[in-house]
Amino acid sequence: MTTLITRDELSTAIEAGTVVVVDALGGDYYAQQHLPGAIALVESEVATRAAELLPDREAAIVTYCSNPSCGNSEAVARRLIALGYTDVRKYREGIQDWTEAGLPVETGATVG
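No experiment lies behind these values; they were computed from the predicted model shown.

What counts as what
- Residues numbered from 1 in each chain as written.
- Predicted model: local features only at pLDDT ≥ 70, side-chain atom pairs only at ≥ 80, totals over all residues.
- Heavy atoms only, no water.
- Axes fitted to C-alpha atoms, helices over the stretch in contact; angles between N-to-C directions.
- Helix = DSSP H or I, 4+ residues; strand = E, 2+ residues; numbered from the N terminus.
- Parallel < 35°, antiparallel > 145°, perpendicular 65-115°, else oblique.
- Contact = heavy atoms within 4.5 Å.
- Nonpolar A, V, L, I, M, F, W, Y, C, P; charged D, E, K, R; others polar.
- Core = buried A, V, L, I, M, F, W, Y, C linked by side-chain atoms within 4.5 Å.
- Buried < 20%, exposed > 50% of the residue type's maximum accessible area, 1.4 Å probe, protein only.
- Pairing = 2+ DSSP bridges.
- Salt bridge = Lys/Arg side-chain N within 4 Å of Asp/Glu carboxyl O.

Trainee: Explain the packing of helix H3 (residues 46-53) against helix H4 (residues 72-82) to me, using residue names and the numbers behind them.
Mentor: Relative orientation of the contacting elements H3 and H4 amounts to 70°, with a least axis distance of 11 Å. In terms of orientation, H3 lies roughly perpendicular with respect to H4. Taking contact as the criterion, the partners of Val46, Ala47 and Ala50 in H3 are, on H4, Val76, Arg79 and Leu80. Here the residues of the contact of H3 with H4 sort into five nonpolar, no polar and one charged.

Okay, structure coming up:
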């Protein structure tokens, strides 16, 4: 299992600009709402797009999806680790928890 990060830790890291957030749902889910500054990267695209979207393999990266039972964020995190990314964590809860806490989200289609 990937190391977990809490909502408060993630919120602080996003505000400080010290983390790259990866939305593991992508597509319409990403367009409807995503964490601030998140990039969309689904499991099937990790091998082909990770180097382009995440060029620094030592950067702090946090993956997330809808809720704790969603396996997408864990799958993306594991694939990134397998590719040599060294600081990959998974948001303990997911965007559902984030929005229920009243934290800001962004909307818009995937770019690229």
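Trainee: Hey, could you go over the nonpolar core for me, with residue numbers and the actual values?
Mentor: Counting residues in hydrophobic clusters, the biggest one holds 16 residues, and the most contacted among them are Leu10, Ile14, Val19, Val21, Leu35, Tyr64 and Tyr91. Within the residue set of this core, elements represented by two or more residues are helix H1 (7-16), strand S4 (60-64) and helix H5 (95-100). Contacts of Val21, omitting those with residues within four sequence positions, involve Leu10, Ile14, Leu35, Gly37, Ala38, Ile39, Val62 and Tyr64. Ranked by size, the runner-up nonpolar core spans 12 residues in total, among them Val22, Ala24, Ala77 and Val88.

Trainee: Residue-level account of the sheet that holds strand S2 (residues 20-23), with values.
Mentor: Taken together, five strands build an open sheet; the order of strands is S1-S5-S4-S2-S3 and the sheet is parallel. Unpaired on one side and paired on the other, strand S1 (3-5) and strand S3 (39-40) mark the two borders of the sheet. Bridge analysis of S2 against S3 gives two bridges, and the strand direction is parallel. Pairing of Asp23 across the sheet is with Ala40, part of S3.

Trainee: Requested: an account of the pattern of salt bridges, with residues and values cited.
Mentor: Within this structure, the stated rule accounts for five salt bridges. A salt bridge links Arg7 to Asp97; the shortest N-O distance between them is 2.8 Å. Taken together, the residues Arg7 in helix H1 and Asp97 in helix H5 connect sequence positions 90 residues apart. Judged by its relative accessible area of 28%, Arg7 falls in the partly exposed class. Taking relative accessible area as the criterion, Asp97 reaches 19% and is therefore assigned buried. Linking Glu74 and Arg78 is a salt bridge whose minimum nitrogen-to-oxygen distance equals 2.7 Å. Of the two residues, Glu74 and Arg78 are both situated in helix H4; the distance of four residues between them amounts to about one turn of the helix. With relative accessibility at 12%, the residue Glu74 sits in the buried group.

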